[in-house]
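Observations on the three-dimensional arrangement
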Protein chains: 2
Amino acid sequence: MEELDRRIVQLLARDGRLSYTDLGKATGLSTSAVHQRVRRLEERGVLRGYRAVVDHEAAGMPLTALISVTPVDPAAPDDIPDRLRHLTEIDSCFSVAGEESYVLEVRVGTPGDLELLLARVRAAANVTTRTTVVLSTPWEDRSPLAAGESAD
Amino acid sequence: MEELDRRIVQLLARDGRLSYTDLGKATGLSTSAVHQRVRRLEERGVLRGYRAVVDHEAAGMPLTALISVTPVDPAAPDDIPDRLRHLTEIDSCFSVAGEESYVLEVRVGTPGDLELLLARVRAAANVTTRTTVVLSTPWEDRSPLAAGESAD
DNA sequence: CGTGAAAGTTAGAACTA
DNA sequence: TAGTTCTAACTTTCACG
């Protein structure tokens, strides 16, 4: 990926609503040159979409937790993600190397909701859980491509 | 938060580039009524911004890991997030309840980059680390407000 | 990659319930 | 306070050089 593309991706990661006009000014390209590059980045799958960043507290989901998940029956076929996908409180699902099989990042309203969610996770996927409650989030979802130098 | 606002937030969380015209069609409001509500949601901090979703693999940062962090000196004042903020590979930083003090979600290019990053984390914050490598990500960053109904 | 024009979108003023 | 319509300015999109 070129330097210019990297810069465009970085700018859009920080502000997904930047107009092509502004992106052009920031990169020194014309509006349609930027437009073309953005379309190519979208087609290539580098830019996978655009999202509003929601404040979970303001939106009534103030409690975040990380749930580590271990299958009860290690011999059973592992379709755990499929069994959990309908639980909309699960923000992210990571398959991990380590003692446990998966780590879930979940968002709920109250401790009571968390308790209910844990029960549903265990029932849906036949797993045991180990839960780490998040007390505060100094920061989150920072631009992943933040640097253009140290990656490779 | 009202039902209409919830719907708007949900739609924008899924597609942050929806036009007010389309949001209006989806909610049954006029363009400028939606516009007004979105501005209010932005002012109230419910909508904190807009981001492009970057494919980390395509962007050259294919390795994700979760790093649990414990201070070496529990008596020292805890300014760990401040000491780590400059490390751009750290996507999110959670302060957690449990054996460890923080969990970091990081994104790097190679195992070698991860090794380097761990050294920098330990040096910058005077901490020990326990690292869990992410093997795959069945899904990530799903709309947090996903339901307006089934949460409780 | 740039230009320019048509179609579509945003922002805000004036007005209404 | 929350909504509508109207309109000017801006943005996106696309054919062409």
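Below, the structure is looked at part by part. Values in this document were obtained by computation on a predicted structure and should not be read as measured data.

Reading guide: rules and limits
Residues numbered from 1 in each chain as written. Chains lettered and ligands numbered in written order. Predicted model: local features only at pLDDT ≥ 70, side-chain atom pairs only at ≥ 80, totals over all residues. Heavy atoms only, no water. Pairing = 2+ DSSP bridges. Helix = DSSP H or I, 4+ residues; strand = E, 2+ residues; numbered from the N terminus. Axes fitted to C-alpha atoms, helices over the stretch in contact; angles between N-to-C directions. Contact = heavy atoms within 4.5 Å. Near = heavy atom within 4 Å. Polar contact = N/O pair within 3.5 Å; in protein donor to acceptor, adjacent residues only side chain to side chain. Nonpolar A, V, L, I, M, F, W, Y, C, P; charged D, E, K, R; others polar. Buried < 20%, exposed > 50% of the residue type's maximum accessible area, 1.4 Å probe, protein only. Arc of directions from axis to C-beta. Least-squares fit on C-alpha atoms with pLDDT ≥ 70 in both. Expected span 1.5 Å × (residues − 1). Core = buried A, V, L, I, M, F, W, Y, C linked by side-chain atoms within 4.5 Å.

Turning next to the sheet that holds strand E5 (residues 127–139) of chain A. Spatially, E2(A)-E4(A)-E3(A)-E5(B)-E2(B)-E4(B)-E3(B)-E5(A) is the arrangement adopted by the 8 strands of the closed barrel, whose pairing is antiparallel. Each adjacent strand pair in this sheet contributes to an overall mean axis angle of 35°, direction not counted. Where strand E3 (residues 90–96) of chain A meets strand E4 (residues 102–108) of chain A, 5 bridges bridge the pair, whose relative direction is antiparallel. Among the inter-strand pairings, A:Ser92 is bridged to a residue of E4(A), identified as A:Glu105. Along the sheet, helix H5 (residues 111–125) of chain A contacts strand E2 (63–71), E4 and E5 of chain A; its crossing angle with E5(A), the most-contacted strand, is approximately 140°. Against the sheet, helix H5 (residues 111–125) of chain B engages strand E2 (63–71), strand E4 (102–108) and strand E5 (127–139) of chain B, with an angle of about 140° to E5(B).

Close to DNA strand D lie A:Ser19, A:Tyr20, A:Thr21, A:Ser32, A:His35, A:Arg39, B:Ser30, B:Ser32, B:Ala33, B:Gln36, B:Arg37 and B:Arg40, which account for all nearby residues. In this structure, a phosphate oxygen belonging to DNA strand D sits 3.2 Å away from a side-chain N or O atom of A:Arg39. Within the side chain of B:Ser30, a nitrogen or oxygen atom sits 2.5 Å from a phosphate oxygen of DNA strand D. Listed by contribution, the elements that provide at least two residues to the surface near DNA strand D are helix H2 (20–27) and helix H3 (31–43) of chain A together with helix H3 (31–43) of chain B. Per element, the largest residue contribution to the surface near DNA strand D is 5 residues, and it comes from H3(B). Of the residues in the surface near DNA strand D, the class split is 2 nonpolar, 7 polar and 3 charged.

Along an α-helix, residues three or four positions apart point the same way, because every turn accommodates 3.6 residues. Residues and elements named next belong to chain A. Along H2, the residues that are buried comprise Leu23, Gly24 and Thr27. One face of H2 carries all of its buried residues, which in axial projection span an arc of 105°. Residues of H2 that are buried sit in contact with helix H1 (3–14) and H3. One or two steps after H2, the chain reaches Gly28, where phi turns positive at roughly 80°.

Moving on, we get to the pairing of E4(B). All names here are of chain B. Taking burial as the measure, the 7 residues of E4 include 7 buried ones, the bulk of the element. Side chains of E4 alternate between two faces, with Tyr102, Leu104, Val106 and Val108 and Val103, Glu105 and Arg107 buried alike. Pairing between E2 and E4: 7 bridges, direction antiparallel. The residue bridging Ile67 from the neighbouring strand is Leu104, located in E4. Count of turn residues in the strand E3 (residues 90–96)/E4 antiparallel hairpin: 5 residues, of which Gly98 carries a positive phi of about 145°.

What follows covers the protein's contact with DNA strand C. The full set of residues close to DNA strand C is A:Leu29, A:Ser30, A:Ser32, A:Ala33, A:Gln36, A:Arg37, B:Ser19, B:Tyr20, B:Thr21, B:Ser32, B:His35 and B:Arg39. Measuring from a phosphate oxygen of DNA strand C, one finds a side-chain N or O atom of A:Arg37 at 2.8 Å. A distance of 2.7 Å separates a phosphate oxygen of DNA strand C from a polar backbone atom of B:Tyr20. Going through the elements one at a time, H3 of chain A together with helix H2 (20–27) and H3 of chain B are the ones with two or more residues in the surface near DNA strand C. Residue contributions to the surface near DNA strand C peak at 4 residues, all from H3(A). Taken together, the residues that form the surface near DNA strand C break down as 3 nonpolar, 7 polar and 2 charged.

Okay, the pairing of E2(B) next. All names here are of chain B. The buried fraction of E2 is high, at 7 of 9 residues. For E2 and E5, the ladder comprises 8 bridges, and the chain directions are antiparallel. Within the sheet, the bridge partner assigned to Val69 lies in E5 and is Thr129.

Attention now goes to the relation of the copies chain A and chain B. You can overlay chain A on chain B at an RMSD of 0.1 Å; the transform is a turn of 180° with a shift of 0.0 Å along its axis. The superposition of one copy onto the other is thereby described by a two-fold rotation axis. Of the C-alpha atoms belonging to chain A, the one lying closest to the rotation axis is found on A:Arg51, 2.7 Å away.

This part covers H3(B). The end-to-end C-alpha separation of H3(B) is 18 Å, in line with the 18 Å expected for 13 residues at 1.5 Å each. Just beyond H3(B), the residue with positive phi is B:Gly45, at close to 85°.

In this structure, B:Val69, B:Ile80, B:Leu84, B:Ile90, B:Leu104, B:Val106 and B:Val121 are the most contacted members of the largest nonpolar core, which totals 21 residues. Sorting the residues of this core by element identifies E2, helix H4 (80–84), E3, E4 and H5 of chain B as the ones contributing at least two each. Ranked by residue count, the leading element in this core is H5(B), at 6 residues. In this structure B:Ile80 touches B:Val69, B:Pro71, B:Tyr102, B:Ala125 and B:Val127, once residues within four positions along its chain are discounted. By size, the runner-up hydrophobic cluster in this structure holds 20 residues, among which are A:Leu63, A:Ile67, A:Leu87 and A:Val127.

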